[in-house]
Amino acid sequence: MSGTPKDSPDRSSPGHPSGRELVTGRARFVGDDPAPAGMLHVAVVGSPVARGRLKGVDAGAALARPGVVAVLTARDIPGANQVGGILPDETLLADGEVAFVGEPVAIVVAEDPGLARQAARDVAMDIEEEPPVLTIEEAVRRGSYVGPVRRIERGDPDAAFASAPHVLSGVARSLGQEHFYLETQRCRAIPEEDGALTLYSSTQNPTEIQRMVSAVLGLPRHAVCVDVRRLGGAFGGKESQATPWACLAALAAHRTGRPAELVLTRAEDVRWTGKRHAYDSPWRIAFDDEGRILAYEVDLRSNAGAVADVSTSVLERSMLHAENAYAIPHVRIVGRACRTNLPPATAFRGFGAPQGVFAIESAVQRVAAFLGLDPLEVRRRNLYREGDVTPYGQAVTGCVLEEALDRVAERSDWGRRRETIDEFNRQSATRKRGIAVTPVKFGISFTAAFLNQAGSLVHVFGDGSVSVSHGAIEMGQQVNAKIARVVADAMGIGMDRVRVESTNTRRVANMSPTAASTGADLNGAAALDAVRQILDRLRPVAASMLADPAGGLAPAPGHVRFQAGRVLDDRAPGRTLSFEEVVAQAYARRVDLAAHGFFATPGVEFNRETGRGTPFAYYVCGAAVTEVTVDLLTGATVVDAVTIVHELGQSLNPAVDLGQVHGAFVQAMGWCTGEELVLDPRGRILSDSAATYKVPTIGDVPERFLVEFLDNPRGPRVLLRSKAIGEPPFLYGESVFFAVCEALASPGRYPDLVLPAGSERVLEAVAAAGSCAEESRVSAAGT
Amino acid sequence: MEKVRFFLNGALREIEARPDTTLLDLLRGPLGLPGTREGCGEGDCGACTVVVGEPDGDRVRYRPVASCLLLAPTVHGRHVITIEGLADGDILHPVQQALVDSNAIQCGFCTPGVAMSLFALFLDDPDPDAEALRAALEGNLCRCTGYVAIRDAGAALAGALRARALDPATLRPPFLAGVEAAQRQAGPGPTFAVEAPGCRYVAPRSADEVTALLGRHAGQATILGGGTDVVVAMRNRGARPALLLDVSRVDGLRRVDVGDDEVRVGAAACLEDLGRAVRDALPVLAAAIRVMGSRQVRSRATLAGNLANASPVADTVPVLMALGARVRLEGPAGGREVPLDRFFRAYKETERRPDEWITEVVIPRSGDAFVHFEKVGRRRELDIAAVNSCAMLRMDVAGRVVQARIAFGGAAPTAVLSRRAGEALAGRPFTAEAAREAGRAAAADVSPIGDVRGGAAFRHALVENLVVAHWRAWAGQRAAAPGGHEA
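These numbers come from a predicted model, not from an experiment.

As for the overall build of chain B
Then comes step 1: Looking only at helices and strands, chain B features 16 helices and 20 strands.
Then comes step 2: Its C-alpha atoms give chain B a radius of gyration of 23 Å, within 12% of the compact-globule value 23 Å for 487 residues.
Then comes step 3: Along the first, second and third principal axes, the C-alpha set of chain B runs to 70 × 60 × 40 Å.
Then comes step 4: Looking at chain B as a whole, 57% of its 487 residues are labelled buried.
Then comes step 5: For chain B, the proportion of contacts with a sequence separation of at least 24, taken over those separated by at least 6, is 65%.

Written out as structure tokens, the structure is:
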């Protein structure tokens, strides 16, 4: 049985539990609570140059300002000056050298934030500037990498290329992307008794902050408590990159003994924090006359910036998505993370997969153009079929790729739209339209297997109300709503009886970051584990309360059911107890009403030395079709229509998941079109404000935007058969880029565009095509 | 220090504040209302949107503004409504309820700003169409939702009002009427001034007072219209004006007089009001204003400020140059008018002397000439142009160009009226080929540089292409006109 299309997601599903709080402004973000008495403010002194020897720091002038309490440098760090999460190559405060613009060199701690920033400008740095390495090309030339060069290989690509009927090659080039979460990085640190600290941080990764702060300050981890209520957006940008700012606030609080807060301005945040990795990926593809791919090789080269951050993991995911949705017999995937003097590139929705997919989709698009075939048909011919095996050895099972592609072709009216667009383009000289399709297969799990674990703590109180703590961070994806739903459904009570607490390292230990779209899967399962323990303890209590020995009903815990706020024995469902009655009785009988839950995803492992393994618990599949109009005079692109068919499983909350699809697509549309990071030749980011870095506005959203969810009865049995949703839809946005390419393409000529295809690059491509056309006219006239 | 007296969510407040403090900092700090949030600090993201009510004739106008760009004394006598004032106890305001019902909230950081923009829109126009919704929300960045659900929320609310499923009276918080009565009773008040060490703010009620103050403090005074540029300079570029001379309270300075031949624009008229006032009289100016900044910025920014700033990419400048507008300057030595194409001397330098101020801009109406504006940036809305251009062409009965004035911004240290482009078109029929030639000719009149908004080659290409884009618009108009045909 194929995937069943499910029209318009159910809008009646329970809404955002914090929706009322957020829409009235009562919800608190870090920095919204009244400042505790005596709170100080931290400003960071960042390196003004991309590379150099740091010979000295003179804080005299800054310290002379009344109200400046301290200026702290590497020397003031009591513990280890090290905050590298994966590789220990990242100092908290520069020591001896600086490696990117904005690298923290010192902090100024003062009575108010404006004063702290003024004083930060007074701190003099003696730096001997050295020429920076900024490009992937230059880093490759110097062999400057983060981590080893990795490979995944299958078959005999060299032989396949040698004997193939056709071979094409190119370089897929994509730039970085600024996260532009609306809430900038921030942390408030409060000293507690016994030298302990409580940190309110805007982080996706509380445990990493606990780990790093304890190392930096030389404290045991139990002395560092990290609490997170919610984030004002993150998208990966607060997975590892919240850490330095939290550590600096903690350092200020620890050294002064007073509460201290660090809130980056927008300009600081854009200039100093990491972005999506830029990639230059040379590729080569071999294929036959029907467009069947015979061999593919790609050298995925990321610009990692100055320190490792999570670049090795991002690169790994690029490599594990390098073939996207296609079964290719002979494959060679090389990956290198290039070390340069830019701010460390970091996690961003998709985590390397978009760049890996971008290379193969660029190649497939060229194959179709070369053969003059329908690009959707070429893709269909190469799709994974049930049981095919990926280049790294994981079997592709239960996938709905073909269903999704067929369905998106049907819903977007692919064939007819292509004809209409061709007709439009014949009539129009200064505006051209294009249409493109992008299928997606996205692997769910952390590729670092040990991260696939989660904990929870569930308390049931005497009145039957429930408090849930888990390890996921609420950042707009509404993981709290999903987990509240899981708990409420399992206990058979209403969601209004379940309160989801802040994420706190004292209630749940050793959390993994909320990332890789795994937050609800892992933490929902951990919460469910705790709930089941409690229900197992409640069953004997309920069974004895429901038993009627005189009526022949012996107590049978196995027959106890929790549903609709009632507890009953399914052999005699007429008599029910309230959940509260059972809980009260259990308490009276000294039954433990709290439980700690745990979950570890079974069966995932990946050997990065050999490039083999089963890194993913399952795949999420789908496809998107996008139509655009490009103005050849201005270079402006309008996205006219989008159709997405996405595999969802049994959604825990369809309205939330629809919002994730819309949000991810529009974010990717920005990456593919207008979001241009502008650097100067010295490695400074010039597009450092909302006025110069242009994320999409409401006016950029396509008029026609159809999203259809596919259920997949063959799918894996994950949490209540739901599927991860955060990242996969980001990849659909690439169809925008390829639609622009199609609009600019002419027979025998495919545009050589770098992503993002902003107006400037589009006009360059138009000019290049124009001069080529003129040349060919001239040469035709000459012959 | 003189206290700033204003209404906040229905209640009269008096607060001591330095004149260089922003309303946002006051709200989040001493006023204890942290629901208004800072996302960018320069009026480009909408997270800090609040609604300000002020009397306008016999009614009170409510406008969405970026509180990060609003200096504390400028709210004196006005009514500031923040997200905390929107709900009536536990009953959400209809815009809030719509956002919740449409699942338009993800992380929620931008949500208060979105709600305030919708609130301002629905107070102003309870029956907005899709275009009005878009225009009201384009200044609110949201990085989570992809805007679809936000758009749906606005449309659903409009639909409910249209279907009478919702009483339009519920759009007005209960405290509005009382404050409006109090504001009307209080009137505009006398000249208002606030002084603090190193910074003085004066808001005179008469033009003569402004001129006199300028005469006494020439060189130290910063003229404050809407403040959308002055405050950014203060917050982000370290500007420390000693005297802020707020001209927005001068009697009569906000008027826009639409005459048969000319439109006269008072220096304190905000762009939003101007755009609405000239929708029929000067549609090209209305079109240029529509793509400037956000509703929040347009509700404060003024035409005079846009000209006085002398930014080479100001969107109104090519329009006014093509139309042949004049700038009226007043100073202690008297008044004078300067044609706009002679107003800009160099990058960020104008003919205005330090003791002069712009009181009025006079714009000739274009009659039956063809006029068209084009703007290219990285994004369709809410962007500063890489290059902008306006063309005004008059044709004779035979379709030959009699007069062509084509101006460009972003292509030289000041906006440029291209003499060569005009000459290239004169006496010829307006064809694609002629437009392309005029574009090439215009390229010789400009000298673009590369910066964060685009490279020099890109700008050169745009100068050339935008003349063709003017032709395209003209041909489109002709084809659409009754009895017209494809050019």
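Having seen the model, we can carry on.
Considerations on the overall build of chain A
Then comes step 1: A count of helices and strands for chain A gives 19 helices and 30 strands.
Then comes step 2: Computed over C-alpha atoms, the radius of gyration of chain A comes to 28 Å, within 12% of the 28 Å expected from 2.2 N^0.38 for 783 residues, which places it in the range of a compact globule.
Then comes step 3: Its C-alpha atoms give chain A principal-axis dimensions of about 105 × 80 × 50 Å.
Then comes step 4: With 783 residues in all, chain A has 61% of them scored as buried.
Then comes step 5: Looking at chain A alone, contacts between residues at least 24 apart form 80% of all its contacts between residues at least 6 apart.

Thoughts on the interface of chain A and chain B
Then comes step 1: Contacts between the two partners involve 61 residues from chain A, matched on the other side by 57 residues from chain B.
Then comes step 2: Elements that contribute at least two residues to the side of chain A that touches chain B include exactly α1 (19-23), α17 (654-672) and α19 (759-782) of chain A.
Then comes step 3: When residues in the side of chain A that touches chain B are grouped by element, the largest group, eight residues, is from α17 of chain A.
Then comes step 4: Of the residues assigned to the side of chain A that touches chain B, the class counts are 25 nonpolar, 26 polar and ten charged.

As for the sheet that holds strand β5 (residues 97-98) of chain A
All names here are of chain A.
Then comes step 1: Pairing is antiparallel in the open sheet, where three strands are placed in the order β5-β3-β7. Looking at strand neighbours, the two that pair on one side only are β5 and β7 (124-129), the edges of this open sheet.
Then comes step 2: Relative to β5, strand β3 (residues 52-58) runs antiparallel, the two being bridged by two bridges. Paired with G52 across the strands is V98, a residue of β5.

A word on the domain arrangement of chain A
Residue and element names in this part refer to chain A.
Then comes step 1: Under the domain assignment used here, chain A contains domain 1 (40-132 + 179-272), domain 2 (279-447 + 607-772) and domain 3 (453-600).
Then comes step 2: Computed over C-alpha atoms only, the centres of domain 1 and domain 3 are separated by 40 Å.
Then comes step 3: Listed per partner, the contact involves 17 residues of domain 1 and 14 residues of domain 3.
Then comes step 4: Within the residue set of the side of domain 1 that touches domain 3, elements represented by two or more residues are α6 (206-217) and β12 (224-228).
Then comes step 5: Across the side of domain 1 that touches domain 3, the residue classes tally to six nonpolar, six polar and five charged.

Things to note about the domain arrangement of chain B
Size of an interface: often given as the accessible area lost when the parts come together.
Then comes step 1: Structurally, chain B comprises domain 1 (87-171), domain 2 (204-367) and domain 3 (368-487).
Then comes step 2: With five residues of domain 1 of chain B in contact, the opposing surface of domain 2 of chain B contributes four residues.

Quick word on the packing of helix α15 (residues 432-443) of chain B against helix α16 (residues 456-480) of chain B
Residues and elements named next belong to chain B.
Then comes step 1: Look at α15 against α16: their axes get within 8 Å of each other, and the N-to-C directions meet at 150°. As far as their axial angle goes, α16 and α15 are roughly antiparallel. Relative to α16, α15 is oriented so that their crossing is right-handed. Contact residues: α15 offers A432, A435, R436, A438, G439, R440, A442 and A443, while α16 offers H460, V463, E464, N465, V467, V468, H470 and W471.
Then comes step 2: Counted by class, the contact of α15 with α16 contains nine nonpolar, four polar and three charged residues.

Here's the deal with the pairing of strand β17 (residues 370-376) of chain B
Residue and element names in this part refer to chain B.
Then comes step 1: Burial analysis of β17 places seven of its seven residues in the buried class, which makes it a mostly covered element.
Then comes step 2: Two elements, β17 and strand β18 (residues 387-395), share seven bridges in a ladder whose sense is antiparallel. From the neighbouring strand, F370 faces β18, where its bridge partner is L393.

Points about the sheet that holds strand β22 (residues 560-563) of chain A
Sheet strands pair via backbone hydrogen bonds, and the direction of the pair is either parallel or antiparallel.
Residue and element names in this part refer to chain A.
Then comes step 1: Strand order in the open sheet formed by three strands is β22-β23-β24, with antiparallel pairing between adjacent strands. Looking along the sheet, the strands with just one partner apiece sit at the ends: β22 and β24 (576-578). Direction aside, the axes of adjacent strands within the sheet are offset by 25° on average.

Describing the nonpolar core
All names here are of chain A.
Then comes step 1: Ranked by size, the top nonpolar core spans 432 residues in total, and within it V108, L199, A249, A252, V487 and V740 carry the most contacts.
Then comes step 2: Looking at which element gives the most residues to this core, the answer is helix α15 (residues 519-546), with 14 residues.
Then comes step 3: Among all residues touching V487, those that are not within four sequence positions of it are V458, V466, V468, V498, A527 and V531.

Describing unusual backbone geometry
All names here are of chain A.
Then comes step 1: Put simply, L755 and P756 share a cis peptide bond, and its omega is 10°.
Then comes step 2: As for its position among the elements, P756 is in the loop between α18 (734-744) and α19.
Then comes step 3: With phi around 50°, F180 is a residue other than glycine that occupies positive phi space.
Then comes step 4: As for its position among the elements, F180 is in the loop between β9 (166-174) and β10 (186-191).

Remarks on the pairing of strand β19 (residues 401-409) of chain B
Then comes step 1: Of all the nine residues making up β19 of chain B, seven are buried; the element is thus mostly covered by neighbouring parts of the structure.
Then comes step 2: Taking the residues that link successive antiparallel strands as the turn, the β19 of chain B-strand β20 (residues 416-417) of chain B hairpin has six residues, and the phi of G410 of chain B there is positive, at about 80°.

Thoughts on the environment of I136 of chain A
All names here are of chain A.
Then comes step 1: Tracing the backbone shows I136 in helix α4 (residues 136-142).
Then comes step 2: The exposure class assigned to I136 is buried, which follows from the 22 C-beta atoms found within 10 Å.
Then comes step 3: Taking C-alpha positions, I136 is 23 Å from G611, a pair spaced 475 residues apart along the chain.

Here we look at the environment of V146 of chain A
All names here are of chain A.
Then comes step 1: The topology assignment puts V146 in strand β8 (residues 145-154).
Then comes step 2: Take V146: there are 25 C-beta atoms within 10 Å of it, and that puts it in the buried class.
Then comes step 3: In sequence terms V146 and V531 are 385 residues apart; their C-alpha atoms lie 43 Å from each other.
Then comes step 4: With near-sequence residues (within four places) excluded, V146 lies in contact with A304, A308, S311, T312, A337 and R339.

Let's talk about the packing of helix α9 (residues 311-320) of chain A against helix α10 (residues 353-371) of chain A
Residue and element names in this part refer to chain A.
Then comes step 1: At a minimum axis distance of 7 Å, the contact between α9 and α10 shows a crossing angle of 35°. Where α9 crosses over α10, the two elements pack in a sense that is right-handed. Here R317, S318 and M319 of α9 lie close against α10, whose contacting residues are A353, Q355 and G356.

Some thoughts on helix α12 (residues 401-411) of chain A
An α-helix turns once every 3.6 residues. As a result, residues three or four positions apart point the same way.
Then comes step 1: Taken together, the buried positions of α12 of chain A are occupied by L401, E403, A404, L405, R407, V408 and A409 of chain A.
Then comes step 2: D413 of chain A sits one or two residues past α12 of chain A and shows a positive phi near 60°.

Details of helix α14 (residues 479-491) of chain A
All names here are of chain A.
Then comes step 1: With 13 residues, α14 should cover 18 Å at 1.5 Å per step; its first-to-last C-alpha distance of 18 Å lies within 8% of that length.
Then comes step 2: Counted residue by residue, α14 has eleven buried out of 13 residues, so it is predominantly covered.
Then comes step 3: Among the residues making up α14, those that are buried are V479, N480, A481, K482, I483, A484, R485, V486, V487, A488 and M491.
Then comes step 4: In the segment just after α14, G492 is the residue with positive phi, at about 70°.

Quick notes on the confidence of the model for chain A
All names here are of chain A.
Then comes step 1: Summarising the model, chain A shows a mean pLDDT of 93, and 95% of its residues fall at 70 or more.
Then comes step 2: Note on residues 1-14: pLDDT under 50 across the span, and 28 contacts to partners over four residues away in sequence or across chains.
Then comes step 3: Scored below 50 in pLDDT, residues 774-783 makes zero contacts in the model with residues more than four places away or belonging to other chains.

A few points about the environment of E464 of chain B
Residues and elements named next belong to chain B.
Then comes step 1: Within the secondary structure, E464 is located in helix α16.
Then comes step 2: For E464, a count of 21 C-beta atoms within 10 Å corresponds to the buried category.
Then comes step 3: Sequence spacing of E464 and A441 is 23 residues, and the spatial spacing of their C-alpha atoms is 8.1 Å.
Then comes step 4: Excluding anything up to four places from it in sequence, E464 contacts G439, R440, A442 and A443.

About the cut-offs
- Residues numbered from 1 in each chain as written.
- Chains lettered and ligands numbered in written order.
- Predicted model: local features only at pLDDT ≥ 70, side-chain atom pairs only at ≥ 80, totals over all residues.
- Helix = DSSP H or I, 4+ residues; strand = E, 2+ residues; numbered from the N terminus.
- Rg over C-alpha atoms; globule rule 2.2 N^0.38 Å.
- Buried ≥ 20, exposed ≤ 12 C-beta atoms within 10 Å, placed from the backbone.
- Contact = placed C-beta atoms within 7 Å.
- Nonpolar A, V, L, I, M, F, W, Y, C, P; charged D, E, K, R; others polar.
- Pairing = 2+ DSSP bridges.
- Domains from an automatic or database assignment.
- Axes fitted to C-alpha atoms, helices over the stretch in contact; angles between N-to-C directions.
- Parallel < 35°, antiparallel > 145°, perpendicular 65-115°, else oblique.
- Left-handed = near helix turned anticlockwise from the far one by under 90°.
- Core = buried A, V, L, I, M, F, W, Y, C linked by C-beta atoms within 7 Å.
- Expected span 1.5 Å × (residues − 1).
- pLDDT = per-residue confidence, 0-100.

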